[in-house]
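Next come the chains, spelled out residue by residue.
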Amino acid sequence: MLETRGLCKNFGALEVAREVNFRLELGARHALIGPNGAGKTTFVNLLTGVLAPSRGSILLEGEDVTALAQAKRVKRGIARTFQINQLFRGLTVQENVCIAVSERLGVGGAMLRSAGQRADVLAEAARLIEMLKLGNDTGRRIIELPYGRQRLVEIAIALGLSPRVLLLDEPAAGIPSAETHILLDAIATLPKDIAVLIIAHDMDRVFRFAERITVLVSGAVFAEGTPQEIAANREVRAVYLGSALDA
Amino acid sequence: MRISRILKLGVVAASFAAVAATAQAQTVKIGVVLPYSGVGAEFAQQVDRGMQVFMKLNPGAFGPYKVELIKRDSKNPSGAEAKTAVQELIAQDKVDMLTGFIYSPDAIASASLFTEAKKPAVIMNAGTAWITNLSPMIARVSFSMWHAGHAMGEASVKTLKAKTAVVGYSDFPPGRDSLDAFKRAFEANGGKVIDAIPMGGPGQVPDFTPFFQRAKDRKPDVFFVFVPSGDHAVAVMKTYNALGMRQGGIKLVGPGDLTPDYKLQGMGDEAVGLITAHHYNADLDNAHNKRFVETWKKDYGANATPDFMAVQGYDGMAAIAHAVVAMKGRMDPEGTMNALRGWKFDSPRGPLSIDPATRDIVMNEYLSEVVKQGGRLVQKNIGVITAVKDMCKELKEGKCK
Amino acid sequence: MSPAPDALQRRHRFQWWELLPWATGLAMFFAFPNYLSFGTQLLVTILFALSLDLVLGYAGIVTLGHAAFFCVGAYTVGILAQQLGWNEPLSGLVAAGLAAGIVGLISGFVLLRTHGLTLLMVTLCTMTLLEQAANMGHAWTGGFDGMPGLSFTMILGLFPFDVLYFKSQYLYSLSVLALGFVVVRTLVYSSFGQSLTGIRENLLRMHAVGAPVRGRLIVAYGISAALAGVAGGLFTQVTGYVNLAVLGLERAAGVMIILILGGHGRLYGAFVGAVAYLVLEHLLAKAYPTAWQLGLGLTLVAVALFARGGLIGLFEKLRGAR
Amino acid sequence: MDPVSILLGGLSSGMVLFIVSVGLSVTMGLMGFVNLAHGGFAMLGGYVIVLAMKHWGLSFVPALALAFVVVAAFSVVLERLLYARLYRAQELDQVLFTIGLVFVMTAAVTLGVGPETQVIRLPDWLRGQTDLGFMTYRTYSLALIVVGTLLVIALWLGFERTRYGARIRAAVDNRRMAQSLGIDVGRLFTVAFALGSGLAAVGGGLGAEILGLDPNYPLRYLVYFLIVVAVGGLGKVTGVFFAALLIGVLDFVLKLYFPKGGTLFIYALALMLLLWRPQGLFGRKSA
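Here's a quick rundown of the structure.

The rules we used
- Residues numbered from 1 in each chain as written.
- Chains lettered and ligands numbered in written order.
- Predicted model: local features only at pLDDT ≥ 70, side-chain atom pairs only at ≥ 80, totals over all residues.
- Heavy atoms only, no water.
- Helix = DSSP H or I, 4+ residues; strand = E, 2+ residues; numbered from the N terminus.
- Rg over C-alpha atoms; globule rule 2.2 N^0.38 Å.
- Buried < 20%, exposed > 50% of the residue type's maximum accessible area, 1.4 Å probe, protein only.
- Contact = heavy atoms within 4.5 Å.
- Areas by Shrake-Rupley, 256 points an atom, 1.4 Å probe, with all protein chains shown as cover.
- Buried area = accessible area lost by both parts, 1.4 Å probe.
- Salt bridge = Lys/Arg side-chain N within 4 Å of Asp/Glu carboxyl O.
- Polar contact = N/O pair within 3.5 Å; in protein donor to acceptor, adjacent residues only side chain to side chain.
- Pairing = 2+ DSSP bridges.
- Axes fitted to C-alpha atoms, helices over the stretch in contact; angles between N-to-C directions.
- Parallel < 35°, antiparallel > 145°, perpendicular 65-115°, else oblique.
- Left-handed = near helix turned anticlockwise from the far one by under 90°.
- Nonpolar A, V, L, I, M, F, W, Y, C, P; charged D, E, K, R; others polar.
- Disulfide = S-S within 2.5 Å.

## Brief notes about the overall build of chain A
And step 1. Check the secondary structure of chain A and you find nine helices and 10 strands.
And step 2. For 247 residues, the compact-globule estimate of 2.2 N^0.38 gives 18 Å, and the C-alpha radius of gyration of chain A, at 18 Å, lies within 12% of that figure.
And step 3. Here the C-alpha coordinates of chain A stretch approximately 55 × 40 × 35 Å along the principal axes.
And step 4. Counting across all 247 residues of chain A, residues that qualify as buried make up 55%.
And step 5. The contacts in chain A between residues at least 6 apart in sequence include a share of 66% that link residues at least 24 apart.
And step 6. Split by element, the accessible area of chain A, about 10300 Å² in all, is 52% carbon and sulfur.

Spelled out as structure tokens, the structure:
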């Protein structure tokens, strides 16, 4: 589905991605883990087109999208969330989701009809808001919400794009543990043919969710396999997992 | 909504009927439009004070008639503000006449109103030559850029014996008018203008060095400079001296805007030797001027000096007084204009009159040189050209046709 | 209590108090027939500020050069009338809007690659360039002396421009402003307007939802420029005069200040700001004729420090606190 | 026309631009604060000099030093009381605030001193012409070139060779990183702001001979200062220096040879430079 070949990125002498060969299969539930500074977010930025790779290529369903602009990749079905919330802070939850949905439905540039009268957009937004249990906050502005709830809006926006590939950059970070189930439920109800790549720190959850795990260290793929394989991999335990797993 | 009432800058009612016994209650309303705030405030002050000194020195000038001055701020030289002020003075305050107008755009924008409403206007400064052609209701007591420019062109050849000249001018209408006027007269008398250098817009005082460097390299006999009166002039003197142009044998000449009277002392010795042509300077030697300057210094401080704008305010009031008395306080527009046509007056600037044909001023142009006398800088009279008309209209140049 | 989910629909619906400005505008016409000249200038200023609101308030493009488009519109009408004798007012306004809109699209295409300080600078440079060009082309523009005696035919063939009493001019300007307002209101409440707000609020996210950000900005810039051009054309028509003073930093900064004072990105900020600014200016000019800038400056500093969102923002806050 | 005098003329006006603008560049680069009131500090400096020379009989050079101290101190007060509240505000609020501040400064000077242009009397040794051996040239221009050169060397050394300079550079490059390294960025800014404003004051005084001095000074030259900063690159001392010289010389040459174009060229040039390199001619491309 989504594939990288020999992906490299450096900032001057600093290499943040080295020869990354990576495959995300159709319907995959894939996790990307690695220590801080391993280049996980950089990798997402490369996939979505925020950054241009220094070398290598990115393929979506076998088609080279390396040179494609960010917006065009979104149109082809790559959506993401950010590690640090990137929301329209002065707008309401409803408006936040509507903006994403409007773009997906191709009416983001429509000038004549009031956004409040786009029944299709509003219905879709309402569905997503309900799904993420944000119904009570629909009309509230982002800055009025606690961080955890904002996190859910972040997910709602990504889902509003009806992605085929969904890249979740530490989606659970900042959500109180009592509410993480909302997030997990939402992910669980995603259509099966969506490929999901989740970057996470919470190993426990990763191992429950993921069917496949890639370990990134210093910008390079260190290991890849099923959760069992990764858990059993001594080297991985040595460089990274050790403490996290024991904890 | 009280916005509109707030608009009035201030209504200053002034009664100058010295003879308290007059029973005549005819009040003539005069709208005064000047830039009381903003960059032109200094000019407005000169004109305003000139008007006041006239009324103080000539308490009986209006005869038995009462005159009410309604002052309005024209702010920036956009024309639009002035036009709004004029429109409201006419529609609301029902003025009989209008006066003031420092900036040419203010007079130009308002001209159609004078015609439409049939309100005579006495222009106290605005110097673009063709302003008087815009409306039959306009009479001008100030000057046109052609008065001094043409006089200086003539005098440069005849008096200063110059053969070549370079002109430097601020690149806006008065500057271009000055260039045309000087060049026309200078070349008509056998001289040759070898370069004309636009020196930036009037809005800001530029660094004159590159322009003056260019002029210096051309080695002309005279360097004629027109810049807006005031701050530009100080910078001109500085640069002229700093580049050593005087030692290079290049005479700096220009209209009197180069030597604004109230800034003259501040220019220092660098101004000595500067030659200008103008219709007024505070050092003019006549009885009227002596009294004018004396009163000015008494009222506004020993360091205050009237300049050409001040005397224009003075003469403007004189013209209005003449019209009021001639019309016996009933300001029929045609009659008022007829009264102004051919009006003669002995002003601090010498004898002047209004040309009946063009309604523009006819006056003397004085050629003067800045000299040091008793520790002060003084403008020494070195020649007079009498009864100068606006040569732009006489010669039917450009827009003056 | 959080607002109901249909808040968006309700907010975009026309509300009774939105008639107030127009009712006031009409009431002014009957109540102060002698002050219509000032009123007309006020209406033109509101339209100009409204056009700026679209880019500055909604799309978050911080520009200091918006006077350039006002100027293009003003000179389009002036030059058409003076050089070609084209003095039918309505088509003149259309021409002004078109000319300014085209200039807006082209300059937007070139300038909107930059942002922040650089954008501030390039817009400022563009405006200054235009100012210089207008002075150099004084054979066409009249430079500082401007174009005197411009006259226009009757509006719709029915109402003559009266240079002395601004009755037709006032109503004409009020109608044009109303029209312009409908355009802006429709735009900002549309999905397009929503996406502009998105760009202002979070550029990164806007890219990530797949919006063609630059294209949207250029279109918004072009529309806004066209409106500013209409305001400029209107200015020339009602004043019957135009000179170089339509340009320059003071005018550009002035309209920006008006908008921010009223509250940018708030649709009615332009109205409140223009009225407040002009009243303030006149009040202060009356009290301190030569230094009204002091009071104005202090007011601006106070607004920047304590009243983000301008006067309307302040009003919203007070209402919210109650 | 001889190229040397053209070069000298352009360099001297470029030096003035540099001295005034360098502080603006540092503060804008450091805090990302759009300080449109910077020219106001230059103007205040000029007025301090005028008043000190007139009323206290100070001579030119001590008056310059006094202007630096007074304006720097005044700017610290403003910075702590007002500017600091707006560091996290939107660009727009900063623009509004600083324009308001310019109005206040302009009005205060108009009320207190008067609307007219002030003349700073230069000492005799700075007036007239100096014989350079191969040519004579305006003494003051030569002095400006010397002062500007010394200043840029001093600033360069200060930035590159002292700990404080290293901190400022670090903070310009990456503020968050600098903070996490334990640098007190707030205090750093206060110091840089005071230094920048003080330098502006000196520039206002030194430049009065060329740029004039009156209450409308801050707005009149704002565009020029901003162009220098934008072209030079934010927070780059040497960048601002070369940008100022480049603009000074180009402006001079263009005015000399094509006076008809007015200042058209310099704006066109700045526009093209900024579109070509939005981060400035000497600025580093941000990642």
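## Details of the interface of chain C and chain A
And step 1. Every contact between the two is made by 31 residues of chain C and, on the other side, 39 residues of chain A.
And step 2. Between chain C and chain A, roughly 2900 Å² of surface is buried when both sides are summed, and carbon and sulfur atoms account for 59% of that area.
And step 3. One salt bridge connects C:Arg205 with A:Glu154, and the closest N-O pair in it is separated by 2.4 Å.
And step 4. Remark: the boundary between chain C and chain A carries 16 residue pairs in polar contact (both at pLDDT 80 or more).
And step 5. Elements represented by at least two residues in the side of chain C that touches chain A include exactly helix H1 (7-12), helix H8 (167-189), helix H9 (191-201), helix H10 (203-208) and helix H11 (213-239) of chain C.
And step 6. It is H9(C) that provides the largest number of residues to the side of chain C that touches chain A, a total of seven residues.

## Re the sheet that holds strand E1 (residues 2-11) of chain A
Neighbouring strands of a sheet are bound in pairs by backbone hydrogen bonds; such pairs are parallel or else antiparallel.
Residue and element names in this part refer to chain A.
And step 1. Strand order in the open sheet formed by four strands is E2-E1-E4-E5, and the pairing between neighbours is antiparallel. Each having just a single partner strand, strand E2 (14-24) and strand E5 (63-64) make up the two edges of the open sheet.
And step 2. Pairing of E1 with E2 involves seven bridges; the strand directions are antiparallel. When the bridges of E2 are listed, Thr 4 appears paired with Phe 22.

## Points about the packing of helix H3 (residues 80-91) of chain B against helix H4 (residues 104-117) of chain B
Residue and element names in this part refer to chain B.
And step 1. Relative to each other, H3 and H4 sit at 25°, their axes nearing to 8 Å. Put simply, H3 runs roughly parallel to H4. Of the two possible hands of crossing, H3 and H4 adopt the one that is right-handed. Contacts between H3 and H4 involve Ala 82, Lys 83, Val 86, Gln 87 and Ile 90 from the first element and Asp 106, Ala 109, Ser 110, Ser 112, Leu 113, Phe 114 and Ala 117 from the second.
And step 2. Partitioned by chemical class, the residues of the contact of H3 with H4 number seven nonpolar, three polar and two charged.

## Re the state of the cysteines
And step 1. Applying the stated rule across the entire model yields one disulfide over all chains.
And step 2. The residue that forms a disulfide with B:Cys392 is B:Cys400, at a sulfur-sulfur distance of 1.9 Å. Because the torsion about its S-S bond is 95°, the bridge between B:Cys392 and B:Cys400 counts as right-handed.
And step 3. Here B:Cys392 falls in the buried class, since its relative accessible area comes to 4%.
And step 4. Note on C:Cys71: no disulfide assigned, nearest cysteine sulfur contributed by C:Cys125 at a separation of 16 Å.

Just distances and angles here, no functional claims.
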